[in-house]
Amino acid sequence: MPAVTETIDTVQSVTEGAYKWGFETDIEMEFAPKGLNEDIVRFISAKKKEPQWLLDWRLKAFAIWQKMEEPLWAAVKYPPIDYQDAYYYAAPKAGPKSLDEVDPELLKTYAKLGIPLKEQAFLAGVEGAGESPADARMPVAIDAVFDSVSVATSYKERLGKEGIIFCSISEAVQTHPELIRQYLGTVVPQGDNFYAALNSAVFTDGSFVYIPKGVRCPMELSTYFRINAKSTGQFERTLIIADEGSTVSYLEGCTAPMRDENQLHAAVVELVALDDASIKYSTVQNWYPGDAEGRGGIYNFVTKRAQCRGRRSKVSWTQVETGSAITWKYPSCVLLGDDSVGEFYSVAITNNRQQADTGTKMIHVGKRTTSTIISKGISAGRGQNTYRGLVRVAPTASGARNFTQCDSLLIGDQCGAHTVPYIENRCMTAKTEHEATTSRIAEDQLFYCRQRGMTQEEAVGLIVNGFCREVLKELPMEFAVEAQKLLQISLEGSVG
Amino acid sequence: MLRIEGLTAEVEGKQILKGIDLEVPAGEIHAIMGPNGSGKSTLSYVLSGREGYEITGGSVTFDGRDLLAMEPEERAATGLFLAFQYPVELPGVGNALFLRTALNAVRRARGEPELDAMQFLKVARERLKALQIQEDMLKRGVNVGFSGGEKKRNEVLQMALLQPRMAILDETDSGLDIDALKIVSDGVNAQRGPGFSALVITHYQRLLDYIVPDRVHVLMGGRIVQSGGPELAKQLEETGYASVQAAA
């Protein structure tokens, strides 16, 4: 079925509001006591049977956090958050097990979300047993994080044969403590910012990936985050290390039930790319955005950063941000290695009362480092959308290049688009370029589509997808279709 | 098929159409000629349902149904097609996707099964070939970077795909060289038949050498001031609109 038509069907199938992922799973959970203090930090660490050094690391982060203040510089408004009025640990009672033993309720939940946790039979085909062409699609290895814990990771064995480690970060702490100790917090230190410090103190799970030297990861790796429990924050931590000459493509997706309360999601993602390594990190962020009046929705306060440590290393961030009541997120690249490359492709949609303050930082340190920023912001309803980006070129980065393009699209007359670029160039031989446009969906474009038989919403979807094309084409195939659907759903009711 | 009675319409408070009466029976092609500012484009937008045009009186029926009560997309679904004087650019939207979305929207409204990408491509290729249009037109963004002639050919391609029962061609000949004019005309003539009508709006007689109309109407000052057979177009070419005005 064509993507756009499929999108329309999806929209029509949505009966309760536009958010079809808003259901809740009834499953027996274990909570830490509400609130946040040193004991909670110790509780989480003990639950995870962590070594002393990691507990100390968490406690140090907690001490730093207590002295910090929430950042207020972003162009977003929300009432003060009571950090004592939330659970910092919520996990299904049964605990993580092997794929075959996962609670059927959880499997059902992920199936409902369209996430296949079961390794598909055609994997056998890959290894030489009767592969039919219809099954020739690449499998995706998935780590499923449910509230505070990873509940399952698929294709571990297959990946293990290449020496690839793909597991939950809690598991990696047990099985590969030397890697965790070597890399954790080296890209985003504990005291980096308020939310990173909070995350460092109470992170509960997330994914860990290590790609050995010279290995090209044979399948997409993916983590699917799900917030389910009430009054719970999700604090996941992801660490990806691409050793010399390796390549990996990683995707993350996320959803949450519809609730009137706001829930906090404060994640940290650290990427490390060594010589000639390449990491592609794609996000389709679809946390519950709240209702049309702005009630409920996730506060998505996330720190994502990559270090291109090696020469000729490359990191590419692609994000499609359609969900969350508030998004505060700046996936960044620190380009240390000579000739390293950073890329940021972003689509951010704000509809109804959603607010997004998002962008990137490209820090050029190595010689001849290059970065590309393509940002597409779409504001509808009463949404507020800010691109905030920093391009910093150090005196050492001779011959560095940056190209930035920020386009904003306005739908309706009650929304806002803002572009706040910072450029700090301290190198004579470096070159930075910035282009920005703001436009509306023109009446003649809509009429043209409608005269050809499309409904208003179909027309908007088509035009918006066209506007975002440069970014959407960076997504892996399966995600591109999903993202197009999301764009359409996110904009439902934004016109007319 | 199309019946317009006493139609009056305003744009921004200014009356442009001052009482149009016109009937286009099924299977006929009618030409509407007139000088600039006579209301030709307004008539095409009013018929296709564009916003910003206020209908102050009269009626329009299409197969007995009240056309003016329908949304633009409903009019398209019942088989009304407007070939735009200035086709609109849609940056980033692939022409193939646009055409398929439009075709499927119309097919859905008609209760016909939708076409998947492969089925669509097959149909599109046939039409392209018949119209002598290069296939790479499908791969480009909708009208983006198209020459004037390419834009008009793209309009005719859309018409050939959507198979309307009534096409309004709004100055489709403007900005066309003779080769493009021929391709566009051939496209329209190929549709000709008992189930297809057209309203060809033009300033010049030239197009009517290629698309020979059953009737010609002269629109001036928001009214149809003269009607006749194809010979009326030739006569206008020789004597100009001023003579009609003097006579009217």
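Residues numbered from 1 in each chain as written. Chains lettered and ligands numbered in written order. Predicted model: local features only at pLDDT ≥ 70, side-chain atom pairs only at ≥ 80, totals over all residues. Heavy atoms only, no water.

In the annotation of an unreviewed UniProt entry, chain B is listed under the name Fe-S cluster assembly ATPase SufC and assigned to Dankookia rubra.

As named in an unreviewed UniProt entry, chain A is Fe-S cluster assembly protein SufB, taken from Dankookia rubra. One UniProt comment on chain A, placed under Sequence similarities (unreviewed entry), says "Belongs to the iron-sulfur cluster assembly SufBD family." (UniProt positions renumbered as here; feature names shortened; annotations may be inferred.)

A. Seen up close, the overall build of chain A. Scanning chain A from terminus to terminus reveals 13 helices and 23 strands. As presented, chain A carries roughly 18,600 Å² of accessible surface, and 50% of it is formed by carbon and sulfur atoms. (Helix = DSSP H or I, 4+ residues; strand = E, 2+ residues; numbered from the N terminus. Areas by Shrake-Rupley, 256 points an atom, 1.4 Å probe, with all protein chains shown as cover.)

B. Structural context of the environment of Ile-164 of chain A. Residues and elements named next belong to chain A. Summarising the element assignment, Ile-164 is placed in the loop between α6 (156-160) and β5 (165-168). Sequence separation of Ile-164 and Ala-442 is 278 residues, and the distance between their C-alpha atoms is 49 Å. If we skip the residues at most four places from it in the chain, Ile-164 touches Leu-159, Tyr-210, Ile-211, Pro-212, Val-215, Cys-217 and Pro-218. (Contact = heavy atoms within 4.5 Å.)

C. Spatial organisation of the UniProt feature "domain: SUF system FeS cluster assembly SufBD core" (unreviewed entry) in chain A. UniProt marks residues 225-467 of chain A with the feature "domain: SUF system FeS cluster assembly SufBD core" (unreviewed entry), using the numbering shown here. Along residues 225-467 of chain A, the helical share is 9% and the strand share 55%, with 28 Å between the first and last C-alpha atoms.

D. Quick peek at the sheet that holds strand β5 (residues 65-66) of chain B. Residue and element names in this part refer to chain B. Taking strand neighbours across the sheet as the criterion, the four strands line up as β2-β1-β4-β5 in an open arrangement whose pairing is antiparallel. Taken across any chain shown, the strands that pair with only one partner, and hence form the sheet edges, are β2 (14-24) and β5. Pairing geometry for strand β4 (residues 54-62) and β5, over two bridges, is antiparallel. For Thr-61, the partnering residue across the bridge sits in β5 and is Asp-66. (Pairing = 2+ DSSP bridges.)

E. The arrangement of helix α4 (residues 117-130) of chain B in detail. Residue and element names in this part refer to chain B. The end-to-end C-alpha distance of α4, which contains 14 residues, comes to 20 Å, matching closely the 20 Å that a straight helix rising 1.5 Å per residue would cover. Here α4 has its buried residues at Phe-120, Ala-124 and Leu-128. Viewed along the axis of α4, the buried residues span an arc of 65 degrees, placing them on a single side of the element. In α4, the exposed residues that point more than 90 degrees away from the buried face are Met-118, Lys-122, Lys-129 and Ala-130. The inward-facing, buried residues of α4 contact α3 (95-109) and α5 (148-162). Taking the backbone nitrogen of Met-118 as reference, a side-chain oxygen 3.0 Å away marks Asp-116 as the first, capping residue of α4. Taken from the residues just after α4, Gln-132 is the one with a positive phi, measuring 55 degrees. (Expected span 1.5 Å × (residues − 1). Buried < 20%, exposed > 50% of the residue type's maximum accessible area, 1.4 Å probe, protein only. Arc of directions from axis to C-beta. Polar contact = N/O pair within 3.5 Å; in protein donor to acceptor, adjacent residues only side chain to side chain.)

F. Region of interest: the pattern of salt bridges. All chains considered together, the criterion is met by 39 salt bridges over all chains. For Lys-34 of chain A, the salt bridge is made with Asp-85 of chain A, and the minimal N-O distance between the two is 3.1 Å. Of this pair, Lys-34 of chain A sits in the loop between β1 (29-31) and α2 (38-47) while Asp-85 of chain A sits in the loop between α3 (52-67) and β2 (90-92); the two residues are 51 residues apart in sequence, bridging distant segments of the chain. Residues Arg-140 of chain B and Glu-150 of chain B are paired through a salt bridge, measuring 3.1 Å at the closest nitrogen-oxygen approach. Note that Arg-140 of chain B is positioned in the loop between α4 and β8 (141-142) and Glu-150 of chain B in helix α5, a separation of 10 residues in sequence. Residue class for Arg-140 of chain B comes out partly exposed when judged on its relative accessible area of 25%. (Salt bridge = Lys/Arg side-chain N within 4 Å of Asp/Glu carboxyl O.)

G. Fine view of the confidence of the model for chain A. All names here are of chain A. Of all residues in chain A, 86% have pLDDT values of 70 or greater, and the mean over the chain is 84. Confidence over residues 1-17 falls short of pLDDT 50; this stretch has 30 contacts with residues more than four positions distant or in other chains. Low pLDDT, under 50, characterises residues 121-137; the predicted model gives this stretch 13 contacts beyond four residues in sequence or across chains. (pLDDT = per-residue confidence, 0-100.)

H. Summary view of the interface of chain B and chain A. Of the residues lining the interface, 37 residues belong to chain B; the matching set on chain A comes to 23 residues. With both sides pooled, the region where chain B packs onto chain A buries about 2,500 Å², and carbon together with sulfur makes up 60% of that total. In this assembly, chain B and chain A are joined by five salt bridges. Between Arg-50 of chain B and Glu-443 of chain A there is a salt bridge, with the nearest N and O atoms lying 2.9 Å from each other. Our count for the contact surface shared by chain B and chain A stands at 14 residue pairs in polar contact (both at pLDDT 80 or more). Every element with two or more residues in the side of chain B that touches chain A is listed here: α1 (40-48), α2 (72-77), β6 (80-83), β7 (90-94), α3 and α5 of chain B. Looking at which element gives the most residues to the side of chain B that touches chain A, the answer is α3 of chain B, with nine residues. Here the side of chain B that touches chain A is composed, by residue class, of 21 nonpolar, seven polar and nine charged. (Buried area = accessible area lost by both parts, 1.4 Å probe. Nonpolar A, V, L, I, M, F, W, Y, C, P; charged D, E, K, R; others polar.)

I. Representation of helix α11 (residues 456-467) of chain A in the model. Residue and element names in this part refer to chain A. The end-to-end C-alpha distance of α11, which contains 12 residues, comes to 16 Å, matching closely the 16 Å that a straight helix rising 1.5 Å per residue would cover. When you tally the buried positions in α11, you get 11 out of 12 residues, the bulk of the element. Every buried residue belonging to α11 is among Gln-456, Glu-458, Ala-459, Val-460, Gly-461, Leu-462, Ile-463, Val-464, Asn-465, Gly-466 and Phe-467, and all of these are buried.

J. Broad picture of the sheet that holds strand β9 (residues 166-170) of chain B. Residue and element names in this part refer to chain B. Overall, mixed pairing links the six strands, which are arranged β6-β9-β10-β3-β11-β12 in an open sheet. With partners counted over all chains shown, the strands left at the sheet margins are β6 and β12 (223-228), one partner each. For this sheet the average axis-to-axis angle between neighbouring strands, irrespective of direction, equals 20 degrees. Here five bridges tie β9 to strand β10 (residues 197-202), and the two strands are oriented parallel to one another. (Axes fitted to C-alpha atoms, helices over the stretch in contact; angles between N-to-C directions.)

K. Looking closely at the pairing of strand β9 (residues 247-255) of chain A. Residues and elements named next belong to chain A. Where burial is concerned, most of β9 is hidden: eight out of the nine residues are buried. Relative to strand β12 (residues 278-285), β9 is paired through eight bridges, and the arrangement is parallel. What sits directly across from Gly-253, in β12, is Val-284.

L. Broad picture of the nonpolar core. The biggest cluster of nonpolar side chains holds 122 residues, and the ones touching the most others in it are Ile-378 and Val-464 of chain A together with Leu-2, Ile-4, Leu-47, Phe-98 and Leu-199 of chain B. In contact with Ile-4 of chain B, not counting residues within four places along its chain, are Ile-20, Asp-21, Leu-22, Leu-43, Leu-47, Ser-59 and Val-60 of chain B. (Core = buried A, V, L, I, M, F, W, Y, C linked by side-chain atoms within 4.5 Å.)

M. Spatial organisation of the packing of aromatic side chains. Evaluation of the coordinates by the stated rule reveals 24 aromatic pairs over all chains. Arranged with centres 6.4 Å apart and planes meeting at 75 degrees, the rings of Phe-301 of chain A and Trp-328 of chain A form a pair that is edge-to-face. One end of the pair, Phe-301 of chain A, is in strand β13 (residues 297-308); the other, Trp-328 of chain A, is in strand β15 (residues 326-329), with 27 residues separating them in the sequence. Both residues of the pair, Phe-301 of chain A and Trp-328 of chain A, belong to the buried class. Measuring from centroid to centroid gives 5.6 Å for Tyr-45 of chain B and Tyr-53 of chain B, while their planes differ by 40 degrees, and the two rings are tilted. Since its relative accessible area comes to 13%, Tyr-45 of chain B is described here as buried. According to the relative accessible area criterion, Tyr-53 of chain B is partly exposed, its value standing at 21%. One aromatic cluster is present, built from ring pairs that chain together Phe-62, Trp-65, Trp-73, Tyr-78, Tyr-83, Phe-194, Tyr-195, Tyr-299, Phe-301, Trp-328 and Tyr-330 of chain A. Looking at Arg-237 of chain A, its charged tip hangs above the ring of Phe-203 of chain A, at a distance of 5.8 Å from the centre. Above the face of the Phe-467 of chain A ring, Lys-376 of chain A is positioned so that its terminal group lies 5.1 Å from the ring centre. (Phe/Tyr/Trp six-rings, centres within 6.5 Å; stacked < 30°, edge-to-face > 60°. Lys NZ or Arg CZ within 6 Å of the ring centre and 35° of its normal.)

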